[in-house]
Amino acid sequence: MIKILLADDHAVLREGLKVAIEMEPELEVIGEAENGLEALEMCCAASIDLVIMDIKMPVMDGIQASKKIKEKMPGIKILLLTMYDNKEFIIDALSAGIDGYILKMSDMQKVYKAIYSIISGDHYFDVEVSKLISEDFLKKSSAQNFRGIGTVYNLTERELEVLKLLGRGYTSSEIAKELQISYYTVRNHRSNLLTKLNMKNSAELIMFALREGIIN
Amino acid sequence: MVEISIWLFAAAFVIAITIGFFSARLYFKKRDIQNENRQEYRVLIDSFEDSQKYLSEKLHDTVGPLLAAAKMKLEVVQLKTKINEPNVKDALQKIQEAGTQLRDLIQELHPVEIETYGLKASLNVFIGKLRESTGLNINFHCSQQIKTDKSNDILLFRIISQAVKNSASKTDCRNVDLVIHQVNGTINILLTDDSRESAGRYTDSYKDKEFIKIRKLTDTLGGRFRMKHTADSGNSLQIIIPGA
């Protein structure tokens, strides 16, 4: 059973989301918070697998709360569910260490997919969000830069390809399909990337890729 | 004869001094009235922006969650009944569309990122959306992070966004360049386009409300603006705002 905490200042939305989430037999909503601070306190008090959090909340916003939760309890996964698809929010959210970012009007199937991907150790971004991240990559892109980063950080061509697709919001299984390699090989490349770059999670990898403008 | 000349000279001197005195009084009076008007206009603009922000937040906090919750519950019904009813699908799609429209409206009423991330970020979002909706190639260069008085950010945003919108709607251009830089606090905004129209439709629209809006807002911030049309090289609009 995946234990979920809902953090949103709108009761009507929490209620709708709770009903929709509990349609899936493996998911259980074990608590609701009205703001970021409440979510943080509940995370400290109960055993929670995943927090679904809004960005704009009173007392403490979703990004600040995510940062604090990740600092204190890095094992708790965080999925931001928000109305905003603006680059600044996304970059801030990524630097807070969140595991996924989807928009509030997304289909529930997408929400389920996001939850399962995140719980299995992947990250998940809405298509619109991934598009924004990719556009940012494209702006800074150059094949030379792509190869240069590989040399500086001792990354193989394959690892760079995996990193590029991670940045585009692909899950491990989607990367496997795209590169025609096995799921476990992708996990292996991802783990090598984390070790070589001395990073803890996919969000940090994406931040790195954003910073370095990796794409060809 | 000499005596008359002296008297005439004295009279002329007194008249000149009196005219000078009253002219100076008129000048200072005019300046005070202009400042007063500017302040009154600023109060009006600020209260207008406050109500725009209030509406934007209200929509975000009321209609937004209601729409999202309605969509989720409808999806639950669809999942529970396992009926692939086209009307339900259609209703879901319409709610989705309403959500997108609402998000755009909220953004138009008041750019959500302006308080947290500032003017440059808000302009980036605005330009991204305008590029998408018009297909225009808009290049935005901002030499550094613009440092402004926070309370002026929204006015600067309105000035610049209106200027870019004017290029999109009042010319036949395909490319627009927007350059913003700041030297010693003064913000210099230069907007150029590659319109090939021979008649200056752009400069002729000087009295249109869209330009009056830019003029009034620029004046409120103590700035000035200049527009120019050149047959072969398109239009340019320069706005200078000191110490914003």
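Within each chain, residues carry numbers counting from 1 in the order of the written sequence. For this description, chains carry letters from A and ligands carry numbers from 1, given in the order in which they are written. Residue-level local features of this predicted model are given only where pLDDT is at least 70; pairs of side-chain atoms are given and counted only at 80 or more, and the full residue set underlies all totals for whole chains, interfaces and linings. For the side-chain quantities, the full set of heavy atoms in the structure was used; hydrogens and water were omitted.

A.B. asks: Quick one: what's the story with helix H1 (residues 2-81) of chain B, residue by residue and with numbers?
C.D. replies: Helix length check: H1 of chain B, at 80 residues, gives a terminal C-alpha distance of 115 Å against a target of 118 Å (1.5 Å per residue), a fit within 8%. Just downstream of H1 of chain B lies Lys 82 of chain B, where phi reads positive at about 55 degrees. Only DSSP runs of H or I with at least four residues qualify as helices, and only runs of E with at least two residues qualify as strands; both kinds are numbered from the N terminus onward. What a helix should span is 1.5 Å times the count of its residues minus one.

A.B. asks: Describe unusual backbone geometry, and please don't skip the residues or the numbers.
C.D. replies: Residue and element names in this part refer to chain A. Phi at Val 59 is positive, roughly 65 degrees, even though this residue is not glycine. Its place among the elements puts Val 59 in the loop between strand S3 (50-53) and helix H3 (62-72). Whether a residue is buried, partly exposed or exposed follows from its accessible area with a 1.4 Å probe, protein chains only, as a fraction of its type maximum: under 20%, in between, or over 50%, in that order. A residue is classified by how much of its surface remains accessible, and Val 59, at 65% relative accessible area, is exposed. Here the phi dihedral of Gln 180 falls at roughly 55 degrees; this positive angle occurs in a residue that is not glycine. Assignment of secondary structure puts Gln 180 in the loop between helix H9 (172-179) and helix H10 (183-196). Exposure remark for Gln 180: the relative accessible area of 74% places this residue in the exposed category.

A.B. asks: Can you explain the packing of aromatic side chains? Please cite residues and give values.
C.D. replies: A pair of aromatic rings is counted whenever rings of Phe, Tyr or Trp (Trp by its six-membered ring) have centres within 6.5 Å, and the orientation is called stacked for planes under 30 degrees apart, edge-to-face for over 60 and tilted otherwise. One pass over the structure, following the stated rule, counts six aromatic pairs over all chains. Residues Phe 21 of chain B and Phe 22 of chain B carry aromatic rings whose centres are separated by 5.4 Å and whose planes lie at 75 degrees to one another, so their mutual orientation is edge-to-face. We classify Phe 21 of chain B as partly exposed; its relative accessible area is 46%. Judged by its relative accessible area of 44%, Phe 22 of chain B falls in the partly exposed class. Aromatic rings pair up to connect Tyr 84 and Phe 89 of chain A together with Tyr 117 of chain B into one cluster. Over the face of the ring belonging to Tyr 41 of chain B we find Lys 216 of chain B, whose NZ or CZ atom lies 4.9 Å from the ring centre. By definition, being over a ring means that NZ of Lys or CZ of Arg is both within 6 Å of the ring centre and within 35 degrees of the ring normal.

A.B. asks: Before we move on, could you go through the packing of helix H8 (residues 157-167) of chain A against H9 of chain A and cite the residues and values that matter?
C.D. replies: Packed helices, taken two at a time, are described by their axes: the angle between them and the distance between them. Residue and element names in this part refer to chain A. Note on method: axes are straight lines fitted to C-alpha atoms, helices fitted across the in-contact stretch only, with angles between N-to-C directions ranging 0 to 180 degrees. Where H8 contacts H9, the axes come no closer than 10 Å and their chain directions differ by 125 degrees. Comparing the axis directions of H8 and H9 gives the class oblique. Note on packing geometry: the crossing formed by H8 with H9 is right-handed. In this structure, H8 contributes Arg 158, Glu 161, Val 162, Leu 165 and Leu 166 to the contact, and H9 contributes Ile 175, Glu 178 and Leu 179. Throughout this description, any angle smaller than 35 degrees is read as roughly parallel, any larger than 145 degrees as roughly antiparallel, any in the 65 to 115 degree range as roughly perpendicular, and the remainder as oblique. A clockwise turn of the near helix away from the far one marks a right-handed crossing, whereas an anticlockwise turn of less than a right angle marks a left-handed crossing. Should any heavy atoms of two residues lie within 4.5 Å, those residues are counted as being in contact.

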